[in-house]
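Remarks on the overall topology
Residues per chain are reported as follows:
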Amino acid sequence: MTKRKLPANASVATVSDGQKLVAPAASRNADALCDLLARFAPVSGRALELASGTGQHVVAFANRLPNLNWQPSEIDTERRASINAYAEDVQNIAPAIKLNAIQSGWHSHHDTQDLIVLINLLHLISWPEVEVLVAESALALNPGGRLVLYGPFMRAGELTSTGDQNFYTALNQQDPEIGYKDDADILDLLHRGQLSLVEGVEMPANNLAFIAEKPVT
Ligand SMILES: C[S@@+](CC[C@H](N)C(=O)[O-])C[C@H]1O[C@@H](n2cnc3c(N)ncnc32)[C@H](O)[C@@H]1O
């Protein structure tokens, strides 16, 4: 995979302590995301986080939802080391695995998940890559399992704040293939993956979360 060129503020993480990295965005949104998962995640089972980043989130999630067994994943080696440094003493987190979330076929190695969580990646990849990621996630879920997608999105084709307009422009200038996806397109894609929408949740800082479920047939 070619590494995409991103604006400086799109995926910020700085060294904190040893191998631990800190992403300011993850520090800001961790509590709201924990509250979201406490409402919508299954109480127990297998949880896979895609594009885990620094590992700040998975540690917060694992502490808040102690009966879920968490599998963090990342494409980036330095970030996997950071995740493992954060997760060192947390019982319900497995060592981070290398998983390219936009590569077709990953579901066959990571299936039977009860929960899949993805935070802040969809705006950094192209639409065909989003299609692969959602299709693979749908296939990786158990019946009754849930997919949580969080990030900045357009609403009915509109960028709804000045901050979003600026960020979208910066993303698009670096790489015209990436940028915010539209909420209606995400709903359509979930539907195509045979996932039913449980709820679309307005989150702080004008972000959105989509909670979708794989039906029990
Ligand atoms: C904006 S950061 C978000 C990280 C984390 N989810 C968070 O919210 O703090 C995007 C992350 O996606 C990872 N990433 C980029 N492309 C990826 C891919 N194809 N598969 C898995 N992870 C990817 C990057 O290494 C980076 O850690």
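Below is a summary of the structure that appears in this document.

Conventions and cut-offs
- Residues numbered from 1 in each chain as written.
- Predicted model: local features only at pLDDT ≥ 70, side-chain atom pairs only at ≥ 80, totals over all residues.
- Helix = DSSP H or I, 4+ residues; strand = E, 2+ residues; numbered from the N terminus.
- Rg over C-alpha atoms; globule rule 2.2 N^0.38 Å.
- Buried ≥ 20, exposed ≤ 12 C-beta atoms within 10 Å, placed from the backbone.
- Contact = placed C-beta atoms within 7 Å.
- Pairing = 2+ DSSP bridges.
- Right-handed = clockwise from strand over helix to strand, strands pointing away.
- Axes fitted to C-alpha atoms, helices over the stretch in contact; angles between N-to-C directions.
- Near = placed C-beta within 6 Å.
- Nonpolar A, V, L, I, M, F, W, Y, C, P; charged D, E, K, R; others polar.

With respect to the overall build of the protein chain
A tally of regular secondary structure across the protein chain gives 6 helices and 11 strands. Whereas a compact globule of 217 residues would reach a radius of gyration of roughly 17 Å, the protein chain reaches 16 Å, a difference of no more than 12%. Projecting the C-alpha coordinates of the protein chain onto the three principal axes gives extents of approximately 45 × 40 × 30 Å. With 217 residues in all, the protein chain has 41% of them scored as buried. The long-range share in the protein chain, meaning contacts at least 24 apart out of those at least 6 apart in sequence, stands at 71%.

A word on the pairing of strand E6 (residues 113–119)
Among the 7 residues of E6, 7 are classified as buried, and the element is accordingly described as predominantly covered. Two elements, strand E3 (residues 45–50) and E6, share 4 bridges in a ladder whose sense is parallel. Of the residues in E6, the one forming a bridge with Ala 47 is Leu 115. Alignment of E6 against strand E7 (residues 141–151), held across 6 bridges, turns out to be parallel. Note that in E7 the partner of Ile 116 across the bridge is Leu 147. Once the chain exits E6 it traverses helix H4 (residues 127–140) before rejoining the sheet at E7, and the crossover so formed is right-handed.

Details of helix H2 (residues 56–64)
All of the buried residues in H2 are Gln 56, His 57, Val 58, Val 59, Phe 61 and Ala 62. Tucked inside the fold, the buried residues of H2 contact strand E2 (20–22), helix H1 (24–40), E3, strand E4 (68–74), helix H3 (77–87) and E6.

Re the sheet that holds E7
Across the sheet, 7 strands lie side by side as E5-E4-E3-E6-E7-E11-E10; this open sheet has mixed pairing. Each edge of the open sheet carries a strand with a single partner, namely strand E5 (97–98) and strand E10 (196–203). Where E3 meets E4, 5 bridges bridge the pair, whose relative direction is parallel. Each bridged residue has a counterpart across the sheet, and for Gly 45 the counterpart in E4 is Leu 68. Here H1 sits on the sheet in contact with E6, E7, E10 and strand E11 (207–213), set at roughly 155° to E7. Along the sheet, H3 makes contact with E4 and E5, crossing E4 at roughly 155°.

Description of the site of the ligand
Around the ligand there are 21 residues in total, and Ala 26, Ala 51, Gly 53, Ile 75 and Ala 101 lie nearest to it. Here the shell around the ligand is built from residues that sort into 11 nonpolar, 7 polar and 3 charged.

A few points about the environment of Gln 194
Mapped onto the elements, Gln 194 comes out in the loop between helix H6 (183–192) and E10. Given 14 C-beta atoms within 10 Å, Gln 194 falls into the partly exposed group.

Let's talk about the pairing of E7
Here E7 runs beside E11; their pairing, made up of 6 bridges, is antiparallel. Among the inter-strand pairings, Val 148 is bridged to a residue of E11, identified as Ile 211.

Concerning unusual backbone geometry
In the Ramachandran plot, Ala 156 falls in the positive-phi region, its phi being about 45° despite a non-glycine side chain. In this fold, Ala 156 is placed in the loop between strand E8 (153–154) and helix H5 (162–174). What makes Ala 156 exposed here is the crowd of 8 C-beta atoms within 10 Å. With a phi close to 60°, Ala 205 is a non-glycine residue in the positive phi region. Mapping Ala 205 onto the fold places it in the loop between E10 and E11.

Quick look at the environment of Leu 139
Tracing the backbone through its elements, the reader meets Leu 139 in helix H4. Put simply, Leu 139 and His 107 are 32 residues apart on the chain and 6.1 Å apart in space, counted from C-alpha to C-alpha.

Scope: geometric values only; no functional claims are made or implied.
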